[in-house]
Amino acid sequence: MDVTENLKKVLSEIEKSESDAGRDPGSVKLIAVSKTKPVEMIQEAYDAGQRDFGENYVQEIVNKSPLLPPDIRWHMIGHLQRNKVRQIIDKVCMIHGVDSLKLAEEISRQAEKREMVMPVLMEVNIGSEESKSGVRPEEVRALAEEMGKLPGISLRGLMCVPPVCEDPGDSREYFRRMQKLSVDIMPENIDNKSVCELSMGMSHDFREAIYCGATMVRIGTDIFGERDYSNKK
Ligand SMILES: *Cc1c(COP(=O)(O)O)cnc(C)c1O
């Protein structure tokens, strides 16, 4: 597995997608998803210039971050339990999967204790799938308003993991709905020209996501190879 080579390929694909979509070069940030992968591989990506990494499990961030350079920006992209917020609040630069007011309140409380403001994204269950976490599209606006009142968090945008689609056209439909939602709920951010982040697109669908306005893509497999969960409980 040549991480450096893979990273280069992914970055050039991102650049190509930006250009195909008529978007500015550099308008999409790559988050390298390193869940289940060893620190050696993360170090290799770091040495090749990558700084933003995504992890799904609190324990992996807690274990890996002290072993790696301090200027890595860790993104919590997985489902976060309220009782674990405390463990990562000072280790991550952004929490992507906020899907309830209770979780948002806990993040805000823990951030305030440390006199900081945590940037967060609201996770949207854009396919309204029974099995998935995330806020239903019709609930996004109300939750955004409530989250806006919390002093310890800053709502920066939306994230999603849409249904896996055979047809790229179907993926684009979900991503377009996300873009529309983000415009609907954050006109004030757009007036301010502060970017409304859209964290969407993974190894199999990041080209479609970029086409539909993603500002962050979360890519694991295409950089680090398939994940092996066999030695996990
Ligand atoms: C694992 C994961 C990714 C990366 O998926 P790949 O298919 O390996 O690129 C992105 N986002 C989330 C939320 C994930 O859990």
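You'll find the structure just up there.
Read on for a plain summary of the structure.

The rules behind the values
Residues numbered from 1 in each chain as written. Predicted model: local features only at pLDDT ≥ 70, side-chain atom pairs only at ≥ 80, totals over all residues. Heavy atoms only, no water. Helix = DSSP H or I, 4+ residues; strand = E, 2+ residues; numbered from the N terminus. Phe/Tyr/Trp six-rings, centres within 6.5 Å; stacked < 30°, edge-to-face > 60°. Lys NZ or Arg CZ within 6 Å of the ring centre and 35° of its normal. Salt bridge = Lys/Arg side-chain N within 4 Å of Asp/Glu carboxyl O. Buried < 20%, exposed > 50% of the residue type's maximum accessible area, 1.4 Å probe, protein only.

With that out of the way, let us pick up the environment of Lys84. Take Lys84: it is sitting in the loop between β3 (73–76) and α4 (85–88). A C-alpha to C-alpha distance of 19 Å links Lys84 and Leu150, two positions 66 residues apart in sequence.

Once that is clear, we can look at the packing of aromatic side chains. In total, this model carries one aromatic pair according to the counting rule given. For the pair Phe53 and Trp74, a centre-to-centre distance of 6.0 Å together with 45° between the ring planes defines the contact as tilted. Note that Phe53 is positioned in strand β2 (residues 52–55) and Trp74 in strand β3, a separation of 21 residues in sequence. Above the face of the Tyr46 ring, Arg51 is positioned so that its terminal group lies 3.6 Å from the ring centre. For the cation-ring pair, Arg172 lies above Tyr211, with the distance from its terminal atom to the ring centre recorded as 5.7 Å.

A separate point is the pattern of salt bridges. The full count for this structure, using the stated rule, is 14 salt bridges. Here Glu106 and Arg109 are joined by a salt bridge, their closest N and O atoms 2.7 Å apart. Here the residue Glu106 and the residue Arg109 both occupy positions in helix α5 (residues 101–113), the gap between them amounting to three residues, near one helical turn. Among the residues examined, Arg109 registers a relative accessible area of 47% and is labelled partly exposed. Two residues, Arg136 and Glu130, come together in a salt bridge whose shortest N-O distance is 4.0 Å. In this structure, a network of salt bridges that share partners links the residues Lys29, Asp52 and Arg73.

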